[in-house]
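# Structure at a glance
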Amino acid sequence: MKPGEQGVARVISATRYSFQGMRAAWQYEAAFRQEVVLFMAGVPLAAWLAATHIEFLLLVLPLLLVLLAELANSAVECIVDRLTADQDELAGRAKDMGSAVVFIALSSAGLTWSVIAAMRLMGFR
């Protein structure tokens, strides 16, 4: 185990680092900003659309997954860009895989929202 903070101090530091990461993503990543706006619009819409607490969670959790995926993708892109500015097959593959993670997260959110919205609009409950 590496030396450093433990207990509550470690949790406080980890929380501070997490907020620094989100602040950096907001500042430097347009896609993250767009997805935060999507999340902020999606939560009240989910509250209106959902018939149950479970449906509400099924609508909101994929939106959080999109934010998680975008943060991971942005982290991969930062590391790759730091390591090489050259066209590199592995660097390109890493960036493409990060993008695929975001695509799958967005697809799962879209599928979930489509199914629940269709059920509500067609009167299925």
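Residues numbered from 1 in each chain as written. Predicted model: local features only at pLDDT ≥ 70, side-chain atom pairs only at ≥ 80, totals over all residues. Heavy atoms only, no water.

## Examining helix α2 (residues 30-49)
This is how the line gets drawn: Runs of E in the DSSP output that reach at least two residues are strands. Runs of H or I that reach at least four are helices, and both are numbered from the N terminus. In this analysis, the expected span of each helix is defined as 1.5 Å times one less than the number of residues it contains. In this scheme, the bend at a residue equals the angle between the axes fitted to the seven residues that finish there and the seven that begin there. Think of it in three bands: with a 1.4 Å probe and only protein chains considered, a residue is buried below 20% of the maximum accessible area for its type, exposed above 50%, and partly exposed in between.
The terminal C-alpha atoms of α2, which comprises 20 residues, lie 28 Å apart, in line with the 28 Å expected from a rise of 1.5 Å per residue. When the local axis directions of α2 are compared, the greatest deviation, roughly 30°, occurs at glycine 42, which is followed within four positions by the proline proline 44. All of the buried residues in α2 are Phe32, Glu35, Val36, Phe39, Gly42, Ala46 and Leu49.

## Examining the environment of alanine 91
Our working rule: Note on contacts: a residue pair is in contact if any heavy atoms of the two residues lie within 4.5 Å.
If you trace the backbone, alanine 91 turns up in helix α4 (residues 89-121). The class for alanine 91 is buried, based on a relative accessible area of 11%. Between the alpha carbons of alanine 91 and leucine 64 there is a distance of 27 Å; along the sequence they are 27 residues apart. Excluding its chain neighbours within four sequence positions, the residues that come into contact with alanine 91 are Val80 and Thr84.

## Quick look at the nonpolar core
Quick note on the threshold: The set of buried Ala, Val, Leu, Ile, Met, Phe, Trp, Tyr and Cys residues whose side-chain atoms join them within 4.5 Å is what this entry labels a nonpolar core.
Within the largest apolar cluster, 18 residues are counted, with the highest numbers of intra-cluster contacts made by Leu59 and Trp113. Broken down by secondary-structure element, the contributors of at least two residues to this core are α2, α3 (53-83) and α4. No other element matches α3, which puts six residues into this core.

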